[in-house]
Amino acid sequence: MLQVYFIARSHPEIETASYRTLDRAPLTFVRHEGLLAALRALAPGSRPTPERMLEYNGIIATASRRATVLPVRFGAGYRSEAAVARLLAERGRELLEALDRLEGKAELGLRVILDTPEQARQQAAVLARHGSALEIWHEIHPDPAGRTVLEVALLVSGTEVPACRARLQAEAGEVTGPWPPRHFLPRFLRAPVASERRSLRDRPAARRAG
């Protein structure tokens, strides 16, 4: 199986960066008309582990310091480089549009614990009116203790990150990031892309506030 890490515009700075992998194996790149996908082969039977998640996050961070990248969901697996090339060819226009839309932008994250889903919906509505955010994603779910968790991601211009982060911390609590904008990718990259199943490309996206 091939682990795909990210998609970006083809550029020497992306291809020559020093990426740290668990077994020190170099990344390889599949290219198509100005786009590239970064990947490497995994041993048969490999499973997602905390160590692999750290590796994945490190590779995304290294690449995003050099260019705008579209992270491919952790654990996404492809059977062959030809399948990855088909993705770039079939979705090329959407990928380029996403790269243009996310250029110079970052994601800030927020996790709020509340007593009821209604409180979470009210808080999400307040955050949806946050002036610095270009787009907002949110999800409400229970935690093991029965409390309500509001997960929020805000897409912010890179120049607005410090001010937006400070305001959010004052208003709502601890903020994480800036991260590459994972919650604002095309649907087919946010879905769990196991075994290249086409049906996953059209799975509904998570709800957005507002």
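We now turn to the structure provided with this report. Along each chain, residue indices are assigned from 1 in the same order as the chain's sequence is written. The predicted origin of the model limits local features to residues at a pLDDT of at least 70 and limits the giving and counting of side-chain atom pairs to 80 or more, whereas totals for whole chains, interfaces and linings rest on all residues. Calculation of side-chain values draws on the structure's entire complement of heavy atoms; hydrogens and water are dropped beforehand.

Okay, the environment of Ala89 next. Going along the chain from the N terminus, every DSSP run of H or I of four or more residues is numbered as a helix, and every run of E of two or more is numbered as a strand. For Ala89, the position within the fold is in helix α3 (residues 81–90). On the accessibility criterion, Ala89 (42% relative accessible area) is partly exposed. Taking the C-alpha atoms as reference points, Ala89 and Glu33, 56 residues apart in sequence, are found 8.1 Å from one another. Accessibility here uses a 1.4 Å probe with only protein chains present; expressed as a share of the type maximum, an area under 20% marks a residue as buried, one over 50% as exposed, and anything in between as partly exposed.

Inside soluble globular proteins, nonpolar side chains tend to come together where they are buried. Nonpolar cores are built from buried Ala, Val, Leu, Ile, Met, Phe, Trp, Tyr and Cys residues. Side-chain atoms within 4.5 Å join them into one set. In terms of nonpolar packing, the biggest core is built from 26 residues, with Val4, Ile7, Leu70, Val84, Leu88, Leu95 and Leu189 touching the most fellow members. Looking at this core, the elements that each hand over two or more residues are β1 (2–9), β3 (35–41), α3, α4 (92–102), β8 (148–157) and α7 (187–190). Note on contacts: a residue pair is in contact if any heavy atoms of the two residues lie within 4.5 Å. Once you skip the residues sitting within four places of it in the chain, Leu70 turns out to touch Tyr5, Phe6, Ile7, Leu95, Ala98, Leu99, Leu102, Leu185 and Leu189. Among the nonpolar cores identified, the runner-up in size contains 19 residues, and Ala120, Ala124, Ala133 and Val161 belong to it.

Empty space left among the atoms is revealed by rolling a probe the size of a water molecule over them. Size it by volume and the second largest pocket reaches roughly 300 Å³. Put simply, the parts of the chain that give the lining of the second largest pocket at least two residues each are α2 (50–64), β6 (105–114) and β9 (175–179). Of the residues forming the lining of the second largest pocket, the biggest block, 4 residues, is contributed by α2. Here the residues of the lining of the second largest pocket are counted per class, giving 10 nonpolar, 4 polar and 2 charged. Using only the protein atoms, space was sampled on a 1 Å grid; points where a 1.4 Å probe fits but cannot get out form cavities, open sets with protein on both sides within 12 Å along at least five of seven lines form pockets, and lining residues are those with an atom within 4 Å of a point. Grid points are joined across faces, edges and corners, and a volume is the space filled by probe spheres set on the points. We call Asp, Glu, Lys and Arg charged. Ala, Val, Leu, Ile, Met, Phe, Trp, Tyr, Cys and Pro are nonpolar, and the rest, Gly among them, are polar.

So, on to the pattern of salt bridges. A side-chain nitrogen of Lys or Arg and a carboxyl oxygen of Asp or Glu constitute a salt bridge if their distance falls within 4 Å. Applying the stated criterion to the full structure yields 8 salt bridges. Taking the shortest distance from any N to any O, the salt bridge between Glu15 and Arg31 comes out at 2.6 Å. Linking Glu15 in helix α1 (residues 12–15) with Arg31 in strand β2 (residues 28–32), this pair joins segments that are 16 residues apart in sequence. For Glu135, the salt bridge goes to Arg101, with nearest N and O atoms at 3.1 Å. You can see Glu135 sitting in strand β7 (residues 133–142) and its partner Arg101 sitting in helix α4, a full 34 residues away along the chain. Exposure remark for Arg101: the relative accessible area of 32% places this residue in the partly exposed category.

A word on the sheet that holds β9. DSSP calls a pair of strands paired once it identifies at least 2 bridges connecting them. Within the open sheet, the 4 strands sit side by side as β7-β8-β6-β9. Their pairing is antiparallel. Each edge of the open sheet carries a strand with a single partner, namely β7 and β9. For this sheet the average axis-to-axis angle between neighbouring strands, irrespective of direction, equals 20 degrees. Angular values range over 0 to 180 degrees, each being the angle between N-to-C directions of two axes fitted as lines to C-alpha atoms, with helices fitted over their stretch in contact. Across the sheet, helix α5 (residues 117–128) touches β6, β7 and β8, and the angle it forms with β8 is around 10 degrees.

This part is about α3. Looking only at α3, the buried set comprises Ala83, Val84, Leu87 and Leu88. When α3 is viewed along its axis, its buried side chains cluster within an angular range of 145 degrees and face the same direction. Regarding the arc, it is the one traced by the directions from the helix axis to the C-beta atoms.

So, about the packing of aromatic side chains. When the centres of two rings from Phe, Tyr and Trp lie within 6.5 Å, Trp using its six-membered ring, the rings pair. Their planes under 30 degrees apart give stacked, over 60 give edge-to-face, and anything left gives tilted. If you walk through the whole model with that rule in mind, you get 3 aromatic pairs. Judged by centre distance (6.2 Å) and plane angle (45 degrees), the rings of Phe6 and Tyr19 are tilted. Here the residue Phe6 occupies a position in strand β1, and Tyr19 occupies one in the loop between α1 and β2, the gap between them amounting to 13 residues. Across this residue pair, the class does not change: Phe6 and Tyr19 are buried. Of the aromatic side chains, those joined through ring pairs into one cluster are Tyr5, Tyr56 and Phe74.

Turning next to unusual backbone geometry. Note the cis peptide between Gly177 and Pro178, where omega equals 15 degrees. Relative to the helices and strands, Pro178 resides in strand β9. Here the phi dihedral of Glu33 falls at roughly 45 degrees; this positive angle occurs in a residue that is not glycine. As for its placement among the helices and strands, Glu33 is situated in the loop between β2 and β3. Exposure remark for Glu33: the relative accessible area of 72% places this residue in the exposed category.

Worth remembering: the numbers are spatial, not functional.
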